[in-house]
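Survey of secondary and tertiary structure
One letter stands for each residue in the lines below.
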Amino acid sequence: MLHLKEDGTGVIIKVRVQPRASRNQLAGIMDDALRVRITAPPVDGEANEACIKFLAEVFKVPRQSVQLVSGHTGRNKMIRIAGINAERILQMI
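The notes below deal with the structure included here. Numbering of residues starts from 1 in each chain and follows the order in which that chain's sequence is written. Given that the model is predicted, a residue must reach a pLDDT of at least 70 before its local features are reported, and side-chain atom pairs must reach 80 or more before they are shown or counted; all residues, however, enter totals for whole chains, interfaces and linings. No hydrogens and no water enter the side-chain calculation; it runs on all heavy atoms of the structure.

1. A short note on the pairing of strand E6 (residues 76-82)
With five of seven residues buried, E6 is to be regarded as a mostly interior element. Strand pairing is assigned whenever DSSP identifies at least 2 bridges connecting the two strands. Helix and strand definitions follow DSSP, with helices as H or I runs of at least four residues and strands as E runs of at least two, each counted in order from the N terminus. One ladder, built from seven bridges, connects strand E2 (residues 10-18) with E6; its direction is antiparallel. Of the residues in E6, the one forming a bridge with Lys14 is Met78. Across four bridges, strand E5 (residues 66-70) lies against E6 in antiparallel orientation. Counted as the bridge partner of Gln67 is Arg80 from E6. Between the end of E5 and the start of E6, which pair antiparallel, lie five residues, with Gly71 showing a positive phi angle near 90°. The rule is simple: take the accessible area with a 1.4 Å probe, protein chains only, and divide by the maximum for that residue type; under 20% is buried, over 50% is exposed, in between is partly exposed.

Below is the structure:
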């Protein structure tokens, strides 16, 4: 089951990122994290920024509504998405 935590103004979601993929895409759920494949390399925060932009597109929220909470240097990340609820996230993936 996907790890989702509502905090009143949005949702915190656990994400596992695979950088240098052939295309940006959601790749299902692995353990309790949403798997996200990103084309950007994990250099100088490029994969983090690409992941944030991609998730903003997927969940149809502004880029400023998506924030990296933890996991800046690893594959496992906690991402906060403002202006959305857990039910809507589950419907969209």
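Here the narrative resumes, following the displayed structure.
2. Comments concerning the side chain of Lys77
Mapped onto the elements, Lys77 comes out in strand E6. Residues scored as charged are limited to Lys and Arg (positive) and Asp and Glu (negative), so that His and the chain ends carry no count. We define a salt bridge as a contact between a side-chain nitrogen of Lys or Arg and a carboxyl oxygen of Asp or Glu at a distance within 4 Å. Summary of buried charges: Lys77 has no salt-bridge partner, and the nearest side chain of opposite charge, Glu49, is 11 Å away. Engagement of the side chain of Lys77 in a polar contact is seen with the backbone oxygen of Gly74, the distance being 2.6 Å. Residues count as neighbours in contact if any of their non-hydrogen atoms are within 4.5 Å of one another. Excluding residues that lie within four positions of it along the chain, Lys77 makes contacts with Ile13, Lys14, Val15, Val17, Asn48, Leu68, Ser70, Gly71 and His72. Think of a polar contact as two N or O atoms within 3.5 Å of one another; within protein, one of them needs to be a possible hydrogen donor and the other a possible acceptor, and neighboring residues in sequence only count if both atoms come from side chains.

3. Quick notes on the pattern of salt bridges
Applying the stated criterion across every chain yields a total of three salt bridges. We note a salt bridge from Asp7 to Arg80, for which the minimum N-O separation is 2.8 Å. Here Asp7, found in the loop between strand E1 (4-6) and E2, pairs with Arg80, found in strand E6; they are 73 residues apart in sequence, far enough to count as distant. With a closest N to O distance of 3.0 Å, Glu49 and Arg63 form a salt bridge. In this pair, Glu49 is assigned in helix H1 (residues 46-58) and Arg63 in the loop between H1 and E5, connecting sequence segments 14 residues apart. Accessibility expressed as a relative area gives 30% for Glu49, which makes it partly exposed. Classification of Arg63 by relative accessible area gives partly exposed; the value is 32%.

4. Here's the deal with the nonpolar core
Among the nonpolar cores identified, the biggest contains 25 residues, and Ile79 and Ile81 are the most heavily contacted of them. Among the secondary structure elements, those contributing two or more residues to this core are E2, strand E4 (33-37), H1, E5, E6 and helix H2 (86-92). Per element, the largest residue contribution to this core is seven residues, and it comes from H1. Apart from the residues lying within four places of it in its own chain, the contact partners of Ile79 are Val11, Ile12, Ile13, Val15, Cys51, Leu55, Val66, Gln67, Leu68 and Val69. Side-chain atoms within 4.5 Å link the members of a nonpolar core, which is a set of buried Ala, Val, Leu, Ile, Met, Phe, Trp, Tyr and Cys residues.

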